[in-house]
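Working through the structure, step by step
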Amino acid sequence: MKKIAIISLMSDGGCHIAFLDIHEELLQLLNQVDLVHSYMTVDRKDIPYNIDIALIEGGVRTTHDIELLKEARSKAKILVAMGSCACFGGIPGLSNLYDLTSSLNYVYRETPTTIKGVIPHENVPNVIRVAPISRYVKVDFQIPGCPPESKEIKDALVSLLKGEIPPQPTKTVCDECKLGPPKKKPKRLRRIYEPPEPNTCLLEQGYFCMGSVTRAGCGAKCPHAGIPCDGCRGPAPKALDQGASILNALITLAYENIKEFSLKRHSAYFYRYSFASSIIEDLIRKRLVEKK
Amino acid sequence: MMVRIEPVTRIEGHMAITLVIEKNKVRNVQVNIIEPPRLFEKFMEGKPVEEAIRIAERICGICYVAHGLASVKALENAWNISPPETAIKLRRLLHAGGYIHSHMLHLAFLALPDILCPGEGVVGLAKKYPQLCKKAIFIRKFGQEVTEVIGGRPIHPSSIVPGGMSKPLSAEAREFLLKKGKEVLKTAIELVDFIFDLYEKYELLNVYPEDPTYYMGLVRNGFHETYDAKLHIMNPEGEIVDVFDGSRYVDYIAEDALPYSFVKHPYLRINGEKYRVGTLARINLAEKFGTPIADKYFAKLRSIIGRPSHNVGAYNLARAVELIASIEKALELLEDNQILSKDIRAQVKPKAGVGVGVVEAPRGVLIHHYEVDDEGVIKRVNLIVATQQNIPSLERELFQVANNLLSKGVELSRVGQKLETIVRAYDPCISCATHLVKLKIVNDKE
C-alpha cells in the first residue's frame, strides 16, 4: 500500500479538516492507502521513511517548522503544499509587515490582560519571518485555498497515486462567478458593512473583490454568498503577484476613487493570503540581508 | 532525567510535555506549546475591522464559526449595532453547526481510539469499527452542511457581516436540513448511548483525575447558553461568586507569559486562582439545556458526576450531551418560520470605540476585544481563547497523575500514554491558543 503522511507546520488545522471533510470517502481511502502520519488522527509521533506522498499543511514560522519540513522532504517521494499557508504563507504572512520583536513584545508583554510578560525562549523554537514552504524545499505540487476544497485534495491524491500530475485550474474565480465580470466603472469604493445590490458584480459596485486575479476552483462561493472574494486561493495562473495584479486592475477601473494607499491597511484586501510570497516581501528580505 | 512527549497526538495543534524526573519522582511538568505563534493580535492592527471577521476565523481550523461570531460581536459592541432577530437565529444555527462538527470530531476521532483501539488512532478505528465511524461521519457531515448552507462555505464561512448576515436561508435548504437533521438526531442518540455505556462498563471516569478549580462560562437564567449572556464564575464548592458583562473581562481575567510556552497562562484577577472553561464548566454552571432529549442525558450525567464535578473525564461525557443539544437546537431553529425572513441586516456606520465580543466556543469562553478609530480601522486587539484557559490546571493534573503512576512503578511509555489521554479530554485546540504533542521520550541529562 502507498504511504501518505500529513505534516503540519504553522497552520490552524483547517486543511486537515478539509481532508477529513471527504466524509464517507475517508473510510474507502483509508482502505486503499496507509496513512502513516497525521498528528490529528494517527498516534505515530515520528515521520517514517519511504513516504509516497507528503501533504504539508501550513507555512514556515519557526526553526522547528524548517526542521520538520526538511525531514519530510528527505523522506517523501512527492511533496505537496496543501493550502494557502504552505503555498504562499497565508494570512499569517500579513505579520511580515510588522516588526517581529515589537509583535512578540505586544503579544507576550503588552496586551491589556498580560501581567507578567516574557517572550518565550525555553524549550520552544525560534520565531522567524513567515514563508511559504517553497522557500526551503522543492515542492512537487500545490493545492492552494484557505482551505482547499475537500474534493480537490482527494482528486489530487488519486491522480498522484496513479503517478499522474493532477490538472490545475486555469481560470479565475471571476470566470466562475455568476455576478461578473464588471460592466462599468465603480462610482465609489465600498466596504463590506454596506450591503451590495443583488445580482451585480461586486467589483463594479466598488468592493475590493479579488475574483479577477484569484485562481478558480471554489465555484465563487463567497461572491455567491454576497461577500467579495478575499483571494484565499492565491494568484490566478497568469498573475505574477496577486496584490500587484488587483492594483493594476483597480488603477484602470477606479483611479479617481483611490485617494490613499496604505500597505498595512490594504494588505487586508490585496495580499491577505499571499504577502509572504509577494514581490514586496522579496524586496524587504533583500534589504534585510543587505543590512546584515 | 528529562522526558519529553512530542508531539501529543490526536489533538489540534503542536504541543509537547516535558517531565523532569528525579529519584522516580516528578519534580516538574511543563506543557510546552510549540505551535508557531502567528501573532494575530499584532497584524490585525491597521485593518478595517469588518475584515477582521474573516481574518480571525483563520485563528482556528476547527472552531472558525466561534471566532467569526466573537469577532462580529466585538465589532457590533464597538459600533453599537443590534442585528435583526432572524440574523441572530441564523448565527445561532451556524454556531450549532460548528458545535456538531467539532464535538463529533473530538468524540469519535480524537477520544474514542483511546478506549477502543489504544495506540491505533483513527486508522485503527476505521478498520475495527467501520459502522461506528460511518455514524460519526454522518453526524459530523451534517454539522458541516449546516455551516455551508448558512455560512456559504463548510470551513471558514463568509456570510457573517456587521449588522447581521449576508444571505438569507432558502425554503429548499431549510427543508433539506430539517429532514436530514431528524435522521442525524436518531443516530446521535445511538452513538451517545454507546459512549455512556462504555464509560459505565469500563468505569472510565475513575481513570481521570479530580481537580477542584473555579469555572467560567456563559449561562442565561440557569439555561445552557453559547451565543450571548453574562459570564458567570463558579467556585470549587459550586457557588456562583461573580456575574459580569463580557465587556468587563479585563477586571476578571489576567494572564502571565511563561518562558517555556507560546501560550500565556490565564487566571482569575480577583484571587489569582486557576479556572477552567469548556464543556465541564458549562454543565457545572447550567441547570438545564431546555431541549428534551439533551435534558434527559444531562440529568443522567449529573446523577453520575454530581455538581460541581471536577472530574476531567466528565469533559467527554458533557461533550456528548452538548452534541445532542446542538442538534436539537438546530432543529428548533429550523422549525421556526422566522428563520426564512429576508430581514437579516441592520444599517451600519463605522465609528470610534471599544468593543468586546464573547461567545462559548466548543472548547470554552472565547473573547475578542477590539479598539477602533473613527474610520473603523483597528487600533488594538486582545484575544482570550478557550484552550489557553485550561492549560494551567492541565499542567497541575499532569504533574499529579505522573507522580501517582511513577510511585506505583508504571513504566514511562505507559505514563506517557496516560498523560496524553488526559490532555485529550480537554480537546485542546493549540493553534487557537497560540494564536501539538509528540511521544518522543528523550532520556538525557541522567
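This write-up is about the structure you can find in this document. (Residues numbered from 1 in each chain as written. Chains lettered and ligands numbered in written order. Predicted model: local features only at pLDDT ≥ 70, side-chain atom pairs only at ≥ 80, totals over all residues. Heavy atoms only, no water.)

**Points about the overall build of chain B**
In terms of regular secondary structure, chain B is built from 14 helices and 15 strands. Since a compact globule built from 446 residues should have a radius of gyration of about 22 Å, the 21 Å found for chain B is in line with a globular shape. With the principal axes as the frame, chain B shows a C-alpha extent of 65 × 45 × 40 Å. Here chain B holds 446 residues, and the buried ones make up 70% of them. Total accessible area on chain B stands at roughly 13,800 Å², and carbon and sulfur atoms take up 49% of it. Mean positive and mean negative side-chain charge positions of chain B (58 and 55 charges, respectively) differ by 3 Å. (Helix = DSSP H or I, 4+ residues; strand = E, 2+ residues; numbered from the N terminus. Rg over C-alpha atoms; globule rule 2.2 N^0.38 Å. Buried < 20%, exposed > 50% of the residue type's maximum accessible area, 1.4 Å probe, protein only. Areas by Shrake-Rupley, 256 points an atom, 1.4 Å probe, with all protein chains shown as cover. Lys, Arg positive; Asp, Glu negative; His and termini not counted. Charge placed at Lys NZ, Arg CZ, Asp CG, Glu CD.)

**Brief notes about the packing of helix α4 (residues 85–116) of chain B against helix α6 (residues 130–151) of chain B**
In a packed pair of helices, the relevant descriptors are the angle between the two axes and the axis-to-axis distance. All names here are of chain B. Where α4 meets α6, the axes come as close as 8 Å, and the angle between the chain directions of the two elements is 155 degrees. In terms of their interaxial angle, α4 and α6 are classed as roughly antiparallel. The handedness of the crossing between α4 and α6 is left-handed. For the contact of α4 with α6, the per-class residue count stands at 17 nonpolar, seven polar and one charged. (Axes fitted to C-alpha atoms, helices over the stretch in contact; angles between N-to-C directions. Parallel < 35°, antiparallel > 145°, perpendicular 65-115°, else oblique. Left-handed = near helix turned anticlockwise from the far one by under 90°. Nonpolar A, V, L, I, M, F, W, Y, C, P; charged D, E, K, R; others polar.)

**Things to note about α6(B)**
Residue and element names in this part refer to chain B. A rise of 1.5 Å per residue sets the reference length of α6, with its 22 residues, at 32 Å; its end C-alpha atoms lie 30 Å apart and thus fit the reference within 8%. With 16 of 22 residues buried, α6 is to be regarded as a mostly interior element. Among the residues trailing α6, G152 stands out with phi positive, at a value near 90 degrees. (Expected span 1.5 Å × (residues − 1).)

**Looking at the interface of chain B and chain A**
Chain B puts 100 residues into the contact, and the matching count from chain A is 78 residues. For the pairing of chain B and chain A, the buried interface totals around 7,700 Å² over both sides, and the portion due to carbon and sulfur atoms is 60%. The largest contributions to the chain B side of the interface with chain A come from B:L39, B:R54 and B:F262, which together make up 9% of the buried area. When the shortest N-O distance is used, the salt bridge between A:R191 and B:E50 registers 2.6 Å. Linking chain B with chain A are 41 residue pairs in polar contact (both at pLDDT 80 or more). Considering each element in turn, the side of chain B that touches chain A owes the most residues, eight residues, to α6(B). The residue makeup of the side of chain B that touches chain A, split by class, is 46 nonpolar, 21 polar and 33 charged. (Contact = heavy atoms within 4.5 Å. Buried area = accessible area lost by both parts, 1.4 Å probe. Salt bridge = Lys/Arg side-chain N within 4 Å of Asp/Glu carboxyl O. Polar contact = N/O pair within 3.5 Å; in protein donor to acceptor, adjacent residues only side chain to side chain.)

**Quick word on the environment of B:G181**
All names here are of chain B. Mapped onto the elements of the fold, G181 is located in helix α7 (residues 171–201). Given the relative accessible area of 0%, G181 is considered buried. For the pair G181 and I11, spaced 170 residues apart in sequence, the C-alpha separation works out to 27 Å. Contact partners of G181, with chain neighbours within four places excluded, come to F142, I327 and L331.

**Description of the side chain of B:E76**
Residues and elements named next belong to chain B. Checked against the element boundaries, E76 lands in helix α3 (residues 64–79). A distance of 2.8 Å separates a polar atom in the side chain of E76 from the backbone nitrogen of G163. Other than its neighbours up to four places away in sequence, E76 contacts I81, P83, R91, V161, P162, G163 and G164.

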